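Descriptive analysis of the structure
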Amino acid sequence: MSSQQAMISMENVNKWYGDFHVLKDVNLTIKKGEKVVICGPSGSGKSTTIRCLNHLEKFQQGNIVINGTELIEDVKVVRHIRSQVGMVFQHFNLFPHLTVLDNLVLAPTWVHKKPRKEAIETAMYYLERVKIANQAKKYPNQLSGGQQQRVAIARCLCINPEIMLFDEPTSALDPEMVSEVLDVMIELANEGITMVCVTHEMGFAKKVADRVIFMDQGQIIEENDPETFFEQPESDRLQLFLDQIL
Ligand code: ADP
Ligand code: MG
């Protein structure tokens with residue numbers, strides 16, 4: 001597949017934090033509409049990998065192409081790429097001093113220059129979608145973790161992204177709130193958005209992933225369809241990891 005047809009293409013990406021070689025020749029091609037789950041031990045470079053995709057981290061070698069645009073260090077290019085990539089973090093990262101509604105309206109009005117009225121309509125539409133429209137006037141700290149994460153997802157959707165990146169979106173949640181967030185993510189996945197999700201929720205991976213990737217020590221060690229990945233892991237490292245988490 002040429003990188004033009006790919007929604008995400010990483011070619012021989014290498015990154016160092018000082019002397020520490022954190023990403024080692026990462027090659028990853030993701031098609032439009034594909035759902036990819038990334039798992040692996042803590043510190044293996046999962047967050048760094050997806051943070052490179054929207055330039056939250058710089059990389060020193062290799063190429064990244066997002067929906068036909070090569071990611072280079074240029075303000076306009078980075079802005080263009082970020083307008084197509086939504087990111088959901090472990091700790092929600094909502095603005096605490098803004099209401100739920102204003103969290104959703106901020107980027108569309110300031111960055112994308114949408115009229116406020118239109119931005120509010122879009123925001124309310126997505127708040128309905130994540131079943132939280134009745135909380136629009138509240139502040140983030142008045143909501144549960146599961147509710148805050150659904151707000152964070154709705155906030156991403158307001159920019160109508162091509163790609164959604166999730167970095168362990170449920171790992172800071174109390175267990176009883178995990179499924180309300182996963183349900184929203186499953187719905188999104190079924191609508192055809194391109195999705196890359198770092199998670200250890202293997203039920204989610206089995207249900208929605210086209211491909212599961214295992215990273216260890218800054219490298220992609222193994223990738224496969226979920227069934228093969230879980231039932232017939234090829235490497236000892238993946239087998240060991242699965243034994244630990246399943
Ligand atoms: P994961 O998400 O798989 O747990 P990360 O991508 O967060 O892994 O981190 C990979 C490695 O890089 C870890 O060893 C981590 O300590 C290190 N690291 C992450 N961010 C930084 C940073 N800003 N400076 C130095 N080292 C970092
Ligand atoms: Mg991480």
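Parameters and conventions
Residues numbered from 1 in each chain as written. Chains lettered and ligands numbered in written order. Predicted model: local features only at pLDDT ≥ 70, side-chain atom pairs only at ≥ 80, totals over all residues. Heavy atoms only, no water. UniProt positions renumbered as here; feature names shortened; annotations may be inferred. Helix = DSSP H or I, 4+ residues; strand = E, 2+ residues; numbered from the N terminus. Rg over C-alpha atoms; globule rule 2.2 N^0.38 Å. Buried < 20%, exposed > 50% of the residue type's maximum accessible area, 1.4 Å probe, protein only. Contact = heavy atoms within 4.5 Å. Areas by Shrake-Rupley, 256 points an atom, 1.4 Å probe, with all protein chains shown as cover. Lys, Arg positive; Asp, Glu negative; His and termini not counted. Charge placed at Lys NZ, Arg CZ, Asp CG, Glu CD. Near = heavy atom within 4 Å. Polar contact = N/O pair within 3.5 Å; in protein donor to acceptor, adjacent residues only side chain to side chain. Core = buried A, V, L, I, M, F, W, Y, C linked by side-chain atoms within 4.5 Å. Domains from an automatic or database assignment. Arc of directions from axis to C-beta.

If you check an unreviewed UniProt entry, the protein appears there as Amino acid ABC transporter ATP-binding protein from Motilimonas pumila. What the UniProt record of the protein gives under Sequence similarities (unreviewed entry) is the line "Belongs to the ABC transporter superfamily." Of the comments in the UniProt record for the protein, the one headed Subcellular location (unreviewed entry) reads "Cell inner membrane".

**Things to note about the overall build of the protein**
Along its length, the protein carries 9 helices and 10 strands. A compact globule built from 246 residues would reach a C-alpha radius of gyration of about 18 Å, and the protein, at 18 Å, matches this within 12%. With the C-alpha coordinates aligned to their principal axes, the bounding extent of the protein is approximately 50 × 40 × 35 Å. Here the protein, with 246 residues, has 53% of them falling under the buried criterion. Considering only contacts in the protein between residues 6 or more positions apart, those separated by 24 or more positions represent 64%. By element, 47% of the accessible surface of the protein is carried by carbon and sulfur atoms, the whole surface being about 11900 Å². Taking the average location of the 25 positive side-chain charges in the protein and that of its 32 negative ones, the two points are 10 Å from each other.

**Quick notes on helix α1 (residues 46-53)**
With 6 of 8 residues buried, α1 lies mostly within the body of the structure. Of the positions making up α1, those classed as buried are K46, T48, T49, I50, C52 and L53. A positive backbone phi angle near 65° is found at H55, which sits one or two residues after α1.

**Overview of the site of ligand 1**
Near ligand 1 you find Y17, F20, V22, P41, S42, G43, S44, G45, K46, S47 and T48, and these make up its full shell. The backbone of G43 places a nitrogen or oxygen atom 2.7 Å from an oxygen atom of ligand 1. Here G45 contributes a backbone N or O atom positioned 3.0 Å from an oxygen atom of ligand 1. Starting from 560 Å² of accessible surface for ligand 1 in isolation, the protein chains cover 58%.

**A few points about the nonpolar core**
Counting 52 residues, the largest nonpolar core has L127, I153, M164, F166 and F204 as its most contacted members. Both of domain 1 (1-84 + 162-221) and domain 2 (93-161) provide at least three residues apiece to this core. Not counting residues within four places of it along the chain, the set of residues in contact with F204 comprises V37, L182, M185, I186, M195, C197, T199 and A209. The next biggest cluster of nonpolar side chains, apart from the first, holds 30 residues, and it includes V13, L28, C52 and F89.

**Some remarks on helix α2 (residues 75-82)**
Buried within α2 we find V77, V78 and I81. The arc enclosing the buried residues of α2, seen along the axis, measures out at 95°, which places them on a common side. In α2, those exposed residues whose orientation departs by more than 90 degrees from the buried face are V75, K76 and R79. Contacts from the buried residues of α2 go to α1, β4 (61-66), β5 (69-70) and β6 (85-88). Its side-chain oxygen 3.0 Å from the backbone nitrogen of K76, D74 forms the N-cap of α2.

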